[in-house]
Amino acid sequence: MCETCGCHQPREIELNRDILSENNRIAEHNRGFFKEKKILCFNMVSSPGSGKTTLLEKTITAMNHDEKLFVIEGDQQTTMDADRIEKAGAPAIQINTGSGCHLDAHMIHEALEKMEVKDHSILFIENVGNLVCPALFDLGEKKRVLMISVTEGDDKPLKYPYMFSSSHLCLINKIDLLPYVEFDIEKFKEYALIVNPDLKFIPVSAKTGDGLEKWTNFIYDLRSTISSDL
Amino acid sequence: MHELSLAWDVIEMISHEAEERRLKAIYEIRIEIGLISGVEADTFSSVLDMIRGKTILEQARIDIIRTPGKGRCSTCNLEFLMQDLFTLCPRCGSIPSSILSGKEFRVLSLQAD
């Protein structure tokens, strides 16, 4: 109430609260869970059709004999990807986001309650194919791995800079198609490094297996640092 | 369109806040959206308008404050405006070593009873 004339004056409440704070809180909770169970978690992001599921199938075949691998699949509809992963030999759980365009930390928290991810294992979260929305949502992963296929064009880092700026590793997929498309790897890297100077690159072909060993070595190296960390 | 789920997050945050503080009405909400935050302010405003009916924010005036993107040059230390994440230093052409502002996405304040 105004002291002069008695007119109505509402209260001013300062909040200064980050709108992503609830997602980030749950992501930190997930991260704590992974740390305690010594689980190495990757958040795999890309456009639809860049080859994430094929790469995961090949990764499972290559690593299944000496690592425990688990996969959380995110798609708007169907369990097709989880079925493919299970067939390749790793337990998988499918999250259908319906009309949603990204996974968030809460969805991962719920998936972890449904699927028993074993201690000392490696968990791949295959995010919804989308180069825009998943960029803002921390899931609690150790590393964010961005996949780009050479058919998408070398200008993607400048067109979708948020995803590039928030990722740790960039897999350049479908390099077996390089002779047939106009994709300049050096120009692509140059653009990506403007947005994220710390980004690392591994060119691969999920189809032919080219570069796959560099990718699995990247995972094994992280695995050993995590084991000695804890 | 992640703006839709972010708009829901705002409604949930404010509903929770209103319950905690026993607020009956919210007249105004001030939201800061940095120009290089990755959130489209126009889209965010539109979807918030679409979904806030029958919530505590139904009658509130939505005041959106845009904060410019600013970076510091990694080579010559100049502070410069960033229109996007790949703006280079206008003096020497280097990438910024740090982003000083423009990534904000937060609820600043409420006017309420």
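Each chain has its residues counted from 1, following the order in which its sequence is written. Note on labels: chains are lettered from A, ligands numbered from 1, in written order. Per-residue local features of the predicted model are confined to residues with pLDDT of at least 70, and side-chain atom pairs are confined, for both listing and counting, to 80 or more; whole-chain, interface and lining totals are unaffected and use all residues. Values shown for side chains rest on all heavy atoms present in the structure; no hydrogens or waters enter the calculation.

A. Quick look at the interface of chain A and chain B. The criterion used for residue contact is that any of the two residues' heavy atoms lie within 4.5 Å. Contacts between the two partners involve 28 residues from chain A and, on the opposite side, 31 residues from chain B. Buried area between chain A and chain B, summed over both chains or domains, comes out near 2700 Å², and the portion from carbon and sulfur atoms is 64%. Buried area: the sum, over both parts, of the accessible surface (1.4 Å probe) that disappears when the two are put together. It is Ile13(A), Ile19(A) and Tyr162(A) in chain A that bury the most area against chain B; as a group they hold 27% of the surface buried on that side. The rule for a salt bridge is simple: a side-chain nitrogen of Lys or Arg has to be within 4 Å of a carboxyl oxygen of Asp or Glu. Across the chain A-chain B interface, the total number found is 1 salt bridge. Glu17(B) serves as the salt-bridge partner of Arg17(A), at 2.7 Å between the closest nitrogen and oxygen. Secondary structure elements are taken from DSSP: a helix is a run of H or I of four residues or more, a strand is a run of E of two residues or more, and numbering for both begins at the N terminus. Broken down by secondary-structure element, the contributors of at least two residues to the side of chain A that touches chain B are β1 (11-18), α6 (161-165) and α7 (185-195) of chain A. In this classification, the charged set is Asp, Glu, Lys and Arg, the nonpolar set is Ala, Val, Leu, Ile, Met, Phe, Trp, Tyr, Cys and Pro, and all remaining amino acids, among them Gly, are polar. For the side of chain A that touches chain B, the per-class residue count stands at 17 nonpolar, 6 polar and 5 charged. Two strands pair under a simple rule: DSSP has to find at least two bridges between them. Note: β1(A) against strand β6 (residues 105-112) of chain B, 6 bridges, orientation antiparallel. Each residue of the ladder has a partner; that of Glu14(A), found in β6(B), is Ser109(B).

B. Region of the structure containing the state of the cysteines. Disulfides are defined in this document as cysteine sulfur pairs within 2.5 Å. Under the criterion given, the structure shown has 0 disulfides over all chains. Cys170(A) supplies the cysteine sulfur nearest to Cys41(A), a cysteine that is in no disulfide, at a spacing of 19 Å. Classification of residues uses two cut-offs on accessible area relative to the type maximum, computed with a 1.4 Å probe and protein chains only: under 20% is buried, over 50% is exposed, and between them is partly exposed. Cys41(A) gets classed as buried once you look at its relative accessible area, which sits at 1%. With no disulfide of its own, Cys89(B) lies closest to Cys73(B) among cysteine sulfurs, the gap being 3.7 Å. Note on Cys89(B): relative accessible area 4%, which makes it buried.

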